[in-house]
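Residue-level structure breakdown
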Amino acid sequence: MKKATGHGKTIFRVLQWKARDATLAIVFSDPADVEVGGEKLLLCKDQDGKEGTITWFHNGEEVGEDNEHLVVRKIDETSSELSIKNAMLAQSGSYTCKCEYDSTEDKRSVEIFVYGPISFGQTETYHEFLKGSTAIIPCLASGEPAVEVRWYQSSKHLVTDGMRSTLVTESSALSCGKPRITILPDMSLQIANVQRDDRGLYTCNATIKGRPVFRVLDISVVIIIPPLVEIKVNKKSVKSGRDTTVSIFCAASGEPQPNISWAIPTSFDPERHKFNSDKSELTITSVKPEDRGEYVCTATNKIDEVNATAFLDVTEHPVVILSQAEVQVKPAEMVSVSCNISGYPVPTLKWIKKGSDGMTGLRSSGRIRVKGSNLIFDNVAPSDGGLYSCIANSSSGIQEEDFSLQTYPGKPTQVSVKGGAAAATFSLGLPVVDGGSPITNYILQWRQDAQQEWNETVVEATDPLVATPLLPYTKYSLRLAARNAVGAGEFSESCDVRTLGARGEPDNPLLTDKGIMFEDNIARIPFKQLDTGGSPISLYMVRYKLSKNDEWKEKNLIPNTTEIYLHDLQYGSDYHLEIVAQNRNGPSRPTTLNFTVPQPSAATKPSLGKGGVVGIVMLIFLILLIAVDATCCYTNRCGMLMFLAVKLFGQKVPGLKSMEEGDGNGMTIDMKVDGLASPRGSIPKGQAQNGQPTGAQSEVTCDKAPLTKFEKEPANGDPTTDA
């Protein structure tokens, strides 16, 4: 529903009249039409600014102050405004502004039109009419003081033909010599013998009589037409087969557009029987013999239902039906597949195997053999996997169906492994037999020794065959197996390989507790560097601590070091040691060692070192020397002690009894050495050394006495002569 006023924007109109001495003007918004209940403002102003008395008049009567619909307000001595409020039809008419000057007066008038709103009441905006009937389209327009109605069809004006209440268009036809389209006294539009072309949008334009105020209402008209249906080709002949497709067209018309439905001679198969969007076309794919028969197309709308029939004749192309299109089995199992063929004339049957090198015919004997229409596999092997085709051949055509045998992939052969950066890469010299199903991924396994469980990772068949993560600089045994949708095949033979550093760092140093040597609380620990990672070792970082919660002690070693020395260790304590090799690419993994410092032995005192042992040995030697010397002095009057005694006390030592008898002075010396009151082995006075008594006394010194008892006595037996 639309409403229009004939003006797209507000225009202010100025009405003025030029007198000899002044110019008076009325200013108001255009148009000069006001809807009932609306407002309008009129401004009266002397444009020259000359002062005067302004009075307003409506239809010749002065506007009073008590009028609620007409309100006058003086702005200044040169201007005044009149407001029309809550306009009524009675406010229509002429409005005059009169200005009285000192000696003259001016006035100006304007016509204002008040109208009631246009309404279409309960007019319906949608109509349906049966083709050939008479259509009446109402337009219940009303408004004050009066309205006029005009009709339009698709924006084209339906004009009168000169006869009262009769409208025609440029292309309108006559019905029985009279125009088909007329307007009734109640402003309704009448169309006789409506046709399909009469459908569309009609517009009722209601206008306030004599004024540019109008309102429009759009009305939709639909012409209902009974359905019509037609099948262009009533009979078709096709051969059945997977590659055969046939379509049947059904043209339907009517208003509203009829719905189409089909009746077919066989059960509906959504995979083979397909329709277009409005079901006017039925397409049958992979035509079968049971598709032969009548196809009925029915068109239905709210008026009627009609149908048409087509016949489809299907000749039999050879048909191949397999007992199973795909079989998944484990190796060494047995499989049998049957192939049933039909058609006219009766086709011949043949089994072949499809491969990259072409097609291979199958014989009636062997591990894979044809028996009647059956294909038999004994003791399935991975190489048996693939596509097999059963072919039916006759004069009406050739048809084949494929059978897929799928089993585990074969065992990988010609496998090589190369150590990488904390990883190992497999290479396949020959493609792995896929077992009739594409290889989806490979299972890579590794372990460090035969007692360990296999670790594994699964990689996609299109990805590099890389086993990771592995430890750097570690020897592994590796193997792989292929896997497809059926399962995993047999693993390859294992290969031994040693990994490299992850980023060029050196291998961790080789450290063992078998070579540790202890000297008291000092440990000497040998180590080896097996691999430098391609760059020279810059240093070794060593740290150690007591196995219990203790702080680390650290030290760095020069690159060419092969031993670790640890000092001031605690006896009987457990230590934890770590060593890391460093090159320009980074540090190696740490090598750890746990060892125990042994307790000191019984002959070793923890407080003595090498100097203490030497001092003890020298002390023992000195004590032994003094003891021997004292024994010599006591027994034989010789030795260092005797020498010192003589030097200190002279030849006659006080307290030592002389062994000479009969000397001139008869002096006797008693000498005690080291507490010996009577020296053993002394010679009695007056007795020779051989035990014979003598008449004279002799003096014995270390210089005159034999040092040992093994020295021979003088021939004459006289010790003095010997001296």
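Residues numbered from 1 in each chain as written. Predicted model: local features only at pLDDT ≥ 70, side-chain atom pairs only at ≥ 80, totals over all residues. Heavy atoms only, no water.

Of regular secondary structure, the protein possesses 3 helices and 55 strands. Split into buried and exposed, the 723 residues of the protein put 38% on the buried side. Nonlocal contacts in the protein, meaning residues at least 24 apart in sequence, comprise 59% of its contacts between residues at least 6 apart. Summing over all exposed atoms, the protein offers an accessible surface of approximately 41,400 Å²; the carbon and sulfur share of this is 51%. (Helix = DSSP H or I, 4+ residues; strand = E, 2+ residues; numbered from the N terminus. Buried < 20%, exposed > 50% of the residue type's maximum accessible area, 1.4 Å probe, protein only. Contact = heavy atoms within 4.5 Å. Areas by Shrake-Rupley, 256 points an atom, 1.4 Å probe, with all protein chains shown as cover.)

Applying the stated criterion across every chain yields a total of 9 aromatic pairs. Ring centres of Phe-377 and Tyr-388 lie 5.0 Å apart, and the angle between their planes is 80°; on these two criteria the pair is classed as edge-to-face. With a gap of 11 residues between them, Phe-377 in strand 37 (residues 374-377) and Tyr-388 in strand 38 (residues 386-394) connect regions that are remote in the sequence. Here the two residues Phe-377 and Tyr-388 agree in accessibility, since each one is buried. Between Phe-518 and Phe-595 the ring centres are 6.2 Å apart and the planes differ by 45°, which places this aromatic pair in the tilted class. Taken together, the positions of Phe-518 in strand 48 (residues 517-519) and Phe-595 in strand 55 (residues 591-596) put the pair 77 residues apart, joining distant regions of the chain. Chaining the aromatic ring pairs together yields one cluster made of Phe-518, Tyr-544, Tyr-575 and Phe-595. (Phe/Tyr/Trp six-rings, centres within 6.5 Å; stacked < 30°, edge-to-face > 60°.)

Moving on to the state of the cysteines. Considering all chains together, one arrives at 4 disulfides under this definition. Bridging Cys-250 to Cys-297, the disulfide has an S-S length of 1.8 Å. Between Cys-250 and Cys-297, the S-S torsion sits near -80°, and that sign places the bridge as left-handed. One end of the pair, Cys-250, is in strand 25 (residues 245-255); the other, Cys-297, is in strand 29 (residues 293-300), with 47 residues separating them in the sequence. Cys-297 carries the same exposure label as Cys-250, and that label is buried. Residue Cys-339 pairs covalently with Cys-390 via a disulfide, S to S 1.8 Å. Handedness of the Cys-339-Cys-390 disulfide follows from its S-S torsion of about -85°: it is left-handed. With a gap of 51 residues between them, Cys-339 in strand 33 (residues 335-342) and Cys-390 in strand 38 connect regions that are remote in the sequence. The structure places no disulfide on Cys-99, whose sulfur is separated from the nearest cysteine sulfur, that of Cys-44, by 6.5 Å. (Disulfide = S-S within 2.5 Å.)

Strand pairing in a sheet relies on backbone hydrogen bonds, with the paired strands running either antiparallel or parallel. Read from one edge of the open sheet, 5 strands run 4-11-10-6-7, paired in mixed fashion. Each edge of the sheet is formed by a strand with only one pairing partner; in this case those strands are strand 4 (33-35) and strand 7 (61-62). Pairing geometry for strand 6 (residues 53-58) and strand 10 (residues 93-100), over 6 bridges, is antiparallel. When the bridges of strand 10 are listed, Phe-57 appears paired with Thr-96. (Pairing = 2+ DSSP bridges.)

On to the side chain of Glu-255, then. Among the secondary structure elements, Glu-255 is positioned in strand 25. In this structure Glu-255 touches Arg-196, Val-222, Ile-223, Ile-224, Ile-225 and Asn-301, once residues within four positions along its chain are discounted.

This part covers the side chain of Asn-508. Relative to the assigned elements, Asn-508 resides in the loop between strand 46 (495-498) and strand 47 (510-511). Reaching out from Asn-508, the side chain makes a polar contact with the side chain of Arg-589 at a distance of 3.4 Å. Residues within four places of Asn-508 in sequence aside, it is in contact with Ser-588, Arg-589 and Thr-591. (Polar contact = N/O pair within 3.5 Å; in protein donor to acceptor, adjacent residues only side chain to side chain.)

Turning to the confidence of the model for the protein, a few remarks are in order. Per-residue pLDDT for the protein has a mean of 81; in total, 82% of the residues score no lower than 70. Segment residues 1-12 is flagged for pLDDT under 50; beyond a separation of four residues in sequence, or across chains, it makes 29 contacts in the model. Note on residues 160-173: pLDDT under 50 across the span, and 29 contacts to partners over four residues away in sequence or across chains. (pLDDT = per-residue confidence, 0-100.)

With that settled, consider the pattern of salt bridges. One side chain can pair with another of opposite charge once the charged atoms of both are near each other. Using the criterion set out here, one finds 20 salt bridges in the structure. The closest approach of N and O atoms between Arg-272 and Asp-269, which form a salt bridge, is 3.4 Å. The class of Arg-272 is buried, set by a relative accessible area of 8%. Residue Glu-493 pairs with Lys-411 through a salt bridge whose shortest N-O separation is 2.7 Å. Residue Glu-493 is located in the loop between strand 45 (475-483) and strand 46, and its partner Lys-411 is located in the loop between strand 39 (397-406) and strand 40 (415-420); the two are separated by 82 residues in the primary sequence. Look at Glu-493 and you get exposed, because its relative accessible area is 56%. Classification of Lys-411 by relative accessible area gives partly exposed; the value is 31%. Linked through salt bridges whose partners overlap, the residues forming this network are Asp-269, Arg-272 and Asp-291. (Salt bridge = Lys/Arg side-chain N within 4 Å of Asp/Glu carboxyl O.)

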